[in-house]
Amino acid sequence: MITKPIRKHMETQFKGLPKKVLFCKKCVMSNQRPRIKFNKDGICGPCLYTERKKSKVIDYNKRNKMLLKLLDKHRKNNGDYDCIVPCSGGKDSSTVAHKLKYKYGMNPLCVTFSPPVYTHIGTENLRNFIESGFDHKLITPNGKIYKLLNKLCFIYFGDHEEPFDRGVLSAPIREAFNNNIKLVFYAENGEVEYGGDSTLENFPGMPWDRMEKIYFSSPFEKIIEAGKKDGYFKKYNIDLKQSYKIPFTLPNINELKKKKIEFHWWSFYNKWVPQNNFYYATEHCNFQANPEGRMEGTYSRYAQLDDATDSLLYYLMYIKYGIGRATSDAAHEIRDGHISREEGVRLVQKYDGEFPEKSFKIFLEYMDITEKEFWLIVDRFRQQHIWKKQNGKWQIREQVS
Ligand SMILES: [Zn+2]
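Quick notes on the rules
Residues numbered from 1 in each chain as written. Predicted model: local features only at pLDDT ≥ 70, side-chain atom pairs only at ≥ 80, totals over all residues. Heavy atoms only, no water. Axes fitted to C-alpha atoms, helices over the stretch in contact; angles between N-to-C directions. Helix = DSSP H or I, 4+ residues; strand = E, 2+ residues; numbered from the N terminus. Parallel < 35°, antiparallel > 145°, perpendicular 65-115°, else oblique. Contact = heavy atoms within 4.5 Å. Nonpolar A, V, L, I, M, F, W, Y, C, P; charged D, E, K, R; others polar. Core = buried A, V, L, I, M, F, W, Y, C linked by side-chain atoms within 4.5 Å. Buried < 20%, exposed > 50% of the residue type's maximum accessible area, 1.4 Å probe, protein only. Phe/Tyr/Trp six-rings, centres within 6.5 Å; stacked < 30°, edge-to-face > 60°. Lys NZ or Arg CZ within 6 Å of the ring centre and 35° of its normal. Polar contact = N/O pair within 3.5 Å; in protein donor to acceptor, adjacent residues only side chain to side chain. Donors = N, O, S within 2.8 Å, 3.2 Å for Na, K, Ca; no water. Tetrahedral: all angles 85-135°; square planar, octahedral: opposite > 155°, others 65-115°.

Where helix α16 (residues 325-335) contacts helix α17 (residues 341-351), the axes come no closer than 9 Å and their chain directions differ by 170 degrees. When the axes of α16 and α17 are compared, the pair comes out roughly antiparallel. Residues Ala326, Thr327, Ala330 and Ile334 of α16 pack against Arg341, Gly344, Leu347, Val348 and Tyr351 of α17. Of the residues in the contact of α16 with α17, the class split is six nonpolar, two polar and one charged.

Further remarks concern the nonpolar core. Counting residues in hydrophobic clusters, the biggest one holds 69 residues, and the most contacted among them are Cys27, Val28, Phe154 and Phe374. With 10 residues, the top contributor of residues to this core is helix α6 (residues 143-157). Sequence-distant contacts of cysteine 27, defined by excluding residues within four places in its chain, comprise Cys44, Cys47, Ala331, Ile334, Arg335 and Arg341.

Considering all chains together, one arrives at 28 aromatic pairs under this definition. Considering the side-chain rings of phenylalanine 185 and tryptophan 266, the 5.8 Å spacing of their centres and the 70 degrees angle between planes classify their relative orientation as edge-to-face. Pair noted here: phenylalanine 185 is in strand β4 (residues 183-186) and tryptophan 266 is in helix α13 (residues 266-269), with a separation of 81 residues, a long-range link. Under the relative-accessibility criterion, phenylalanine 185 is labelled buried at 0%. Ring centres of phenylalanine 278 and tyrosine 279 lie 5.5 Å apart, and the angle between their planes is 45 degrees; on these two criteria the pair is classed as tilted. By relative accessible area, which is 16% here, phenylalanine 278 ends up buried. Across the ring face of phenylalanine 134, the terminal group of lysine 101 is positioned such that the distance to the ring centre comes to 5.5 Å.

Moving on, we come to the side chain of aspartate 329. Relative to the assigned elements, aspartate 329 resides in helix α16. Of the polar contacts made by the side chain of aspartate 329, one reaches the side chain of threonine 298; its length is 2.7 Å. In this structure, aspartate 329 is in contact with Thr298, Tyr299 and Ser300, ignoring residues within four places of it in sequence.

Turning next to the coordination of the zinc ion. Around the zinc ion, the protein contributes the donor atoms Cys24 (SG), Cys27 (SG), Cys44 (SG) and Cys47 (SG), which lie 2.3 Å from the metal centre. Its four donor atoms give the zinc ion angles of 105 to 113 degrees at the centre, a pattern that matches the tetrahedral case. Read from N- to C-terminus, the donor residues coordinating the zinc ion fall into the pattern C-x2-C-x16-C-x2-C. Taken together, the residues cysteine 27 in the loop between α1 (4-12) and α2 (45-54) and cysteine 44 in the loop between α1 and α2 connect sequence positions 17 residues apart. Neither cysteine 27 nor cysteine 44 differs from the other in exposure class; each is buried.

So, in structure tokens, the structure goes:
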């Protein structure tokens, strides 16, 4: 049941979005991405940031010295782990872990938080990564609870991966906390690389308070409450005394500060170019691109391969914001100079919003919902300024050109 507080929280994700859709003049990103900012010339924040990365404004030599100092501070040299690297076995995190260990002599413990449904290629890549020389820990939450939380987040929030996203962030930090490891190295600052809170540009890592505010203050608890009221916990036979919070919450942030645990982004110290990570991880960690070819909804075949429900997440982003997977991929590749804006526009027009037929069946089965229920839920998240109905069919109003 969509109660008033739930409706309010459903709407918070659209709060502040401009009603007039604009596309960046340099890349293909639109102004509908949450927290993104455009300047007066119609250029998006990540494009402006890329300019600064390429110019001398960001001095990577200086930042590399800062990195060496940071690593010297934490390096243990006695066989103990000196840092945690969250690692899915994907190209980006594998590259970060490999460079930390084999270029800088650190001894990382790599931690993966399990996606809702592993793909075959995802498990292969994770195994290849571990076999390239890493200690590794896989954190898998209670499958029954995980499934229900994913389902509730889909129903009430149109984002079934909210629990996964939380786990990916919190599980490695919890490992650091529990094992007294003082350094956690995440890959990239997505807020500035892909669009979000640009005030974080000069931060080497996310301050704990900001992390809690941006990623952990969402309606998750409200969603759980609604799920309880609507009888889902009973239906799934989940005892409310069971812990369903720990895998999806941060340790107490005052305790994190007291223990002096530090969170850093690799992308602060090194220029972040996903395509370079692909080449590096292929060479050093036996990373494999998707053998089935491109991922649904985009032209790329090497990003985010581990989760079989991921294509649905991108499809839901397309429904909510008119931004699909091809837009996200093309925007970054245009900024990095790998493709032209013209090529990007063509790829977005061709692939963005492609319905993920292959993943759909897996998704319905995992969520335990019918196709009819799926569309009823999805249609709740269409915004009027993004979609119009013509001859009984939904059509997107604006596409990049
Ligand atoms: Zn742009």
